[in-house]
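Structure at a glance
Each chain, letter by letter, is given below.
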Amino acid sequence: IYIKPLPISEAGPDTIICSGDAVTLGTSVLAGHSYDWTPATGLNNPLVSAPTVTLANDTNFIISTTYEVTTTFNGCTSTDNVAIGVFPVINASIPIQVEQCFPDNKFFFDAKGVYGPNATFQWDFGDGMGVSTADTVSYSYSDTGAFTVSLTIRDNGCVSTATTVALVYDVP
């Protein structure tokens, strides 16, 4: 009597990615083995040893999908699974600003988006002088013009950027 050894199934470590990012599951191919991943959602190929998965998350919370690989060799099978979490899209945004007059302008910028308490913020007010790392900030321009304001939010390794224009006119 010959007892065949079970094939080794390796789905890889559980991980969390940013929405829209890709991660490789599994391990290198073993000769003569076949692989079947379920579900096939987001996988580039469910019949290889190390498929790439790309997932999106447009909710306000982390979502998770558990993938199972079934490995077959010499008629024997084994399984393993891996959980892939996906952070929500940050979707940074800046409310539209009302135009103001020089010299008495004072703009209030408020970071909008989906982010956690450890998020970081980087503002550039488009005038070559002003920057901030707060989530809410007021800013006054020292000249007239159209200034492109940018906001970058970083959270859990994920990044989102938004822009708006602040208009400062001469007093009529």
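This report concerns the structure included in the present document. (Residues numbered from 1 in each chain as written. Predicted model: local features only at pLDDT ≥ 70, side-chain atom pairs only at ≥ 80, totals over all residues. Heavy atoms only, no water.)

Across its full length, the chain carries zero helices and 13 strands. Its C-alpha atoms give the chain a radius of gyration of 25 Å, clearly above 16 Å, the size a compact globule of 172 residues would have. Its C-alpha atoms give the chain principal-axis dimensions of roughly 95 × 25 × 20 Å. Within the chain, the proportion of its 172 residues that are buried is 34%. The contacts in the chain between residues at least 6 apart in sequence include a share of 59% that link residues at least 24 apart. (Helix = DSSP H or I, 4+ residues; strand = E, 2+ residues; numbered from the N terminus. Rg over C-alpha atoms; globule rule 2.2 N^0.38 Å. Buried < 20%, exposed > 50% of the residue type's maximum accessible area, 1.4 Å probe, protein only. Contact = heavy atoms within 4.5 Å.)

So, on to empty space enclosed by the protein. Tallied over the full model, the rule gives one cavity of 30 Å³ or more. Looking at the largest cavity, its volume works out to about 40 Å³. Lining the largest cavity are Ile 8, Ser 9, Glu 10, Thr 27, Tyr 35, Ser 49, Val 69 and Thr 71. (1 Å grid on protein atoms, 1.4 Å probe; cavity = no way out; pocket = protein on both sides within 12 Å on 5 of 7 lines; lining within 4 Å. Points joined across faces, edges and corners; volume = space filled by probe spheres on them.)

Our next topic: the pairing of strand 6 (residues 76–87). In this structure, strand 1 (residues 15–18) lies alongside strand 6, joined through four bridges in parallel fashion. Bridging from a neighbouring strand, Thr 15 pairs with Ile 84 of strand 6. In this structure, the hairpin formed by strand 5 (residues 63–73) and strand 6 is closed by a connection of two residues, where Asn 74 is found at a positive phi of approximately 55 degrees. (Pairing = 2+ DSSP bridges.)

Take the sheet that holds strand 10 (residues 131–132) next. Read across the sheet, five strands follow the order 7-13-12-9-10 without closing on themselves; strand pairing throughout is mixed. Pairing within the sheet leaves two strands with one partner each, and these edge strands are strand 7 (100–102) and strand 10. Examined bridge by bridge, strand 9 (residues 120–124) and strand 10 share two bridges and lie antiparallel to one another. Note that in strand 10 the partner of Asp 124 across the bridge is Val 131.

This brings us to unusual backbone geometry. Omega for the peptide link from Thr 38 to Pro 39 comes to -10 degrees, which places this bond in the cis form. With respect to the helices and strands, the residue Pro 39 is situated in the loop between strand 3 (34–38) and strand 4 (52–54). The omega torsion across Phe 102 and Pro 103 is 10 degrees, close enough to zero to call that bond cis. Looking at where Pro 103 falls in the secondary structure, it is placed in the loop between strand 7 and strand 8 (107–110). Even without being glycine, Asn 91 reaches a positive phi, approximately 50 degrees. Note on placement: Asn 91 falls in the loop between strand 6 and strand 7. Non-glycine residue Asn 156 carries a positive phi angle of around 55 degrees.

A few words now on the pattern of salt bridges. Counted according to the given criterion, the structure contains one salt bridge. When the shortest N-O distance is used, the salt bridge between Asp 110 and Lys 112 registers 2.8 Å. Assessed through its relative accessible area of 25%, Asp 110 is described here as partly exposed. (Salt bridge = Lys/Arg side-chain N within 4 Å of Asp/Glu carboxyl O.)

All right, on to the packing of aromatic side chains then. The full count for this structure, using the stated rule, is nine aromatic pairs. Where Tyr 115 meets Phe 121, the ring centres are 5.1 Å apart and the plane angle is 80 degrees; that geometry is what we call edge-to-face. A centroid spacing of 4.2 Å and a plane angle of 10 degrees characterise the contact between Tyr 141 and Phe 147, whose relative ring orientation is stacked. Neither Tyr 141 nor Phe 147 differs from the other in exposure class; each is buried. Put simply, the rings of Phe 107, Phe 109, Trp 123, Phe 125, Tyr 139, Tyr 141 and Phe 147 pair up and form one aromatic cluster. (Phe/Tyr/Trp six-rings, centres within 6.5 Å; stacked < 30°, edge-to-face > 60°.)

Read these as geometric descriptors, not functional statements.
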